[in-house]
Amino acid sequence: MTKPVLSIQNLSVDYVTDDGPVRAIDNVSLDVMPGEILGVAGESGSGKTTLAKAIMRILQPPAVISGGRVLFEDKDLLQLDEEGLRRLRWTRMSMVFQSAMDALNPVISIGEQIVDTMKVHTDFNSSQARDRAVHLLEMVGIPGDRIDSHAHQLSGGMRQRVGIALALCLEPSLVILDEPTTALDVVVEKEILGEIKELQNKLGFSVMFITHDLERMLQVSDRVAVFYAARLAEIGPAKGLRDNPQHPYTQGLLKAFPSIAPGARTPESIPGSPPSLLSPPSGCRFHPRCSQVVDACSQTRPIRTDLGPGHAAECHLLSQETGAAT
Ligand code: SF4
């Protein structure tokens, strides 16, 4: 049986506030398989970015990891010391942040940033590292002669491409993309996502791709994980989720997105808004907004129900249907 590259098991993350702990990731488990693109969807504040930062161990106080395990290539990332993490970050797993302009160093050229990263982590000399930097830039669609440009001399799309080149420069097995195209127009966004998919096909790395754009995510992902209020509502193959979503929140989220398909229905919003994590609803956190709510929903958290290969959801209706104990 194929082993996951990344296995998140019962992970919880709290933000410690004056009003008490706010649980931003609540007992979440999911796997990322080799060569898979796993999309992570959910409204703002659902825990997507906190999850990514917890995996990379780059959460800042007042955030604390309060439970669980994060196994990456058989190592528990939560048990590694700083030196152990340093050896893995960029070489085996890397991350592209929401805003590359903030992530890139404004005072040194993009080429130097790639070269420096390679010289720290490999035996490349300056000339080899520079050749590789040119190759990487060209691979993500930036002409090699822009290697001496600084971040402010590039468009938003080019800066995001540099972020991707940096993330790929040491050929990691896992790349986390945190809303990599949010700040870009739709044409550039489509181009970049197409390039990521092409590179992933060619190089075979696994991707965790975070976005609030469910439609886009379904196009590029193999599987999709849908978060609601710090919990995993549903995870499953992208096609299955698009054609036959099982969790009422996934169903609502899909109906809320406009489609350009001929004869497409009018988008319908989900009534209400996501809860405050300071005082989330009891039981299933979606129950105040759910059109299919039953008595148990406000009383107990639904258990995770397996619905098929790689497909699971947390909903009382599904556990009743499958006969799972609640
Ligand atoms: Fe709706 Fe209840 Fe299922 Fe939650 S558990 S999604 S409230 S039916």
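Residues numbered from 1 in each chain as written. Predicted model: local features only at pLDDT ≥ 70, side-chain atom pairs only at ≥ 80, totals over all residues. Heavy atoms only, no water.

### Remarks on the overall build of the protein
- Along the protein, the regular secondary structure elements total 11 helices and 12 strands.
- For 326 residues, the compact-globule estimate of 2.2 N^0.38 gives 20 Å, and the protein sits close to it at 21 Å.
- With respect to the principal axes defined by its C-alpha atoms, the protein has extents near 65 × 50 × 45 Å.
- Residues counted as buried form 51% of the 326 residues belonging to the protein.
- Residue pairs in contact within the protein that sit at least 24 positions apart in sequence constitute 63% of those at least 6 positions apart.
- Measuring between centres, the 31 positive side-chain charges of the protein sit 2 Å from its 39 negative side-chain charges. (Helix = DSSP H or I, 4+ residues; strand = E, 2+ residues; numbered from the N terminus. Rg over C-alpha atoms; globule rule 2.2 N^0.38 Å. Buried < 20%, exposed > 50% of the residue type's maximum accessible area, 1.4 Å probe, protein only. Contact = heavy atoms within 4.5 Å. Lys, Arg positive; Asp, Glu negative; His and termini not counted. Charge placed at Lys NZ, Arg CZ, Asp CG, Glu CD.)

### Here's the deal with the side chain of Gln200
- If you trace the backbone, Gln200 turns up in helix α7 (residues 186-203).
- In this structure, Gln200 is in contact with Gly35, Glu36, Ile37, Phe205 and Val207, ignoring residues within four places of it in sequence.

### Structural notes on α7
- Helix length check: α7, at 18 residues, gives a terminal C-alpha distance of 25 Å against a target of 26 Å (1.5 Å per residue), a fit within 8%.
- All of the buried residues along α7 are Val188, Glu189, Ile192, Leu193, Ile196, Leu199 and Gln200. Down the axis of α7, the buried set is contained in an arc of 130 degrees. They therefore lie on one face. Pointing more than 90 degrees away from the buried face of α7 are the exposed residues Val186, Val187, Lys190, Glu198, Asn201 and Lys202.
- Buried residues along α7 sit in contact with β3 (37-41), α5 (126-139), α6 (156-168), β7 (174-178), β8 (206-210) and α8 (214-220).
- Positive phi appears at Gly204, one or two residues downstream of α7, with a value of about 80 degrees. (Expected span 1.5 Å × (residues − 1). Arc of directions from axis to C-beta.)

### Some details on the environment of Glu138
- If you trace the backbone, Glu138 turns up in helix α5.
- Excluding its chain neighbours within four sequence positions, the residues that come into contact with Glu138 are Pro143 and Gly144.

### Observations concerning the sheet that holds strand β2 (residues 20-32)
- Sheet architecture is open: four strands sit in the order β2-β1-β4-β5, paired in antiparallel fashion. Of all the strands in the sheet, just β2 and β5 (75-76) have a single pairing partner and so form its edges.
- Bridge analysis of strand β4 (residues 63-72) against β5 gives two bridges, and the strand direction is antiparallel. Paired with Phe72 across the two strands is Lys75, which belongs to β5.
- Those strands touched by helix α1 (residues 48-56) are β1 (6-17), β2 and β4, and its axis lies near 110 degrees from that of β1. (Pairing = 2+ DSSP bridges. Axes fitted to C-alpha atoms, helices over the stretch in contact; angles between N-to-C directions.)

### A word on empty space enclosed by the protein
- The tally for this structure, following the rule as stated, stands at four cavities of 30 Å³ or more.
- Estimated volume of the largest cavity: approximately 100 Å³.
- As for the largest cavity, its lining consists of Tyr228, Arg231, Leu232, Ala233, His247, Cys284, Arg285, Phe286, Arg301, Pro302 and Glu314.
- The volume enclosed by the second largest cavity comes to roughly 80 Å³.
- In terms of lining residues, the second largest cavity is bounded by His247, Pro248, Cys284, Phe286, Cys290, Gln292, Val293, Cys297, Pro302, Cys315, His316 and Leu317. (1 Å grid on protein atoms, 1.4 Å probe; cavity = no way out; pocket = protein on both sides within 12 Å on 5 of 7 lines; lining within 4 Å. Points joined across faces, edges and corners; volume = space filled by probe spheres on them.)

### Some remarks on the site of the ligand
- In the vicinity of the ligand, the contacting residues are His247, Pro248, Cys284, Phe286, His287, Cys290, Gln292, Cys297, Pro302, Cys315, His316 and Leu317.
- Under a 2 Å grid-point criterion requiring more than half of the atoms, the pocket assigned to the ligand is the second largest cavity.
- Considering only residue class, the shell around the ligand consists of eight nonpolar, four polar and no charged. (Near = heavy atom within 4 Å. Sits in = over half its atoms within 2 Å of the grid points. Nonpolar A, V, L, I, M, F, W, Y, C, P; charged D, E, K, R; others polar.)

### Details of the pattern of salt bridges
- Counted according to the given criterion, the structure contains 18 salt bridges.
- Linking Arg23 and Asp14 is a salt bridge whose minimum nitrogen-to-oxygen distance equals 2.7 Å.
- Asp14 gets classed as buried once you look at its relative accessible area, which sits at 11%.
- With a closest N to O distance of 3.2 Å, Asp148 and Arg130 form a salt bridge. On the criterion of sequence distance, the pair formed by Asp148 in the loop between α5 and α6 and Arg130 in helix α5 is long-range, its members being 18 residues apart.
- Residue classification places Asp148 among the partly exposed positions, given a relative accessible area of 48%.
- Members of the salt-bridge network, linked through shared partners, are Asp14, Arg23, Asp26, Arg231, Arg285, Arg301 and Glu314. (Salt bridge = Lys/Arg side-chain N within 4 Å of Asp/Glu carboxyl O.)

### As for the domain arrangement of the protein
- With domains assigned, the protein is organised as domain 1 (6-229) and domain 2 (248-260 + 279-326).
- The centre of domain 1, based on its C-alpha atoms, is set 29 Å off from the matching centre of domain 2.
- Every contact between the two is made by 16 residues of domain 1 and, on the other side, 12 residues of domain 2.
- The contact between domain 1 and domain 2 buries some 1,300 Å² in all, and 54% of this surface belongs to carbon and sulfur atoms.
- When the buried area of domain 1 at its contact with domain 2 is split by residue, Leu214, Val226 and Tyr228 rank highest and sum to 40% of it.
- For the salt bridge of Arg285 with Asp26, the shortest nitrogen-to-oxygen distance reads 3.4 Å.
- Linking domain 1 with domain 2 are eight residue pairs in polar contact (both at pLDDT 80 or more), by the criterion used here.
- Mapped onto the side of domain 1 that touches domain 2, the elements with two or more residues apiece are β2, α8 and β9 (223-228). (Domains from an automatic or database assignment. Buried area = accessible area lost by both parts, 1.4 Å probe. Polar contact = N/O pair within 3.5 Å; in protein donor to acceptor, adjacent residues only side chain to side chain.)

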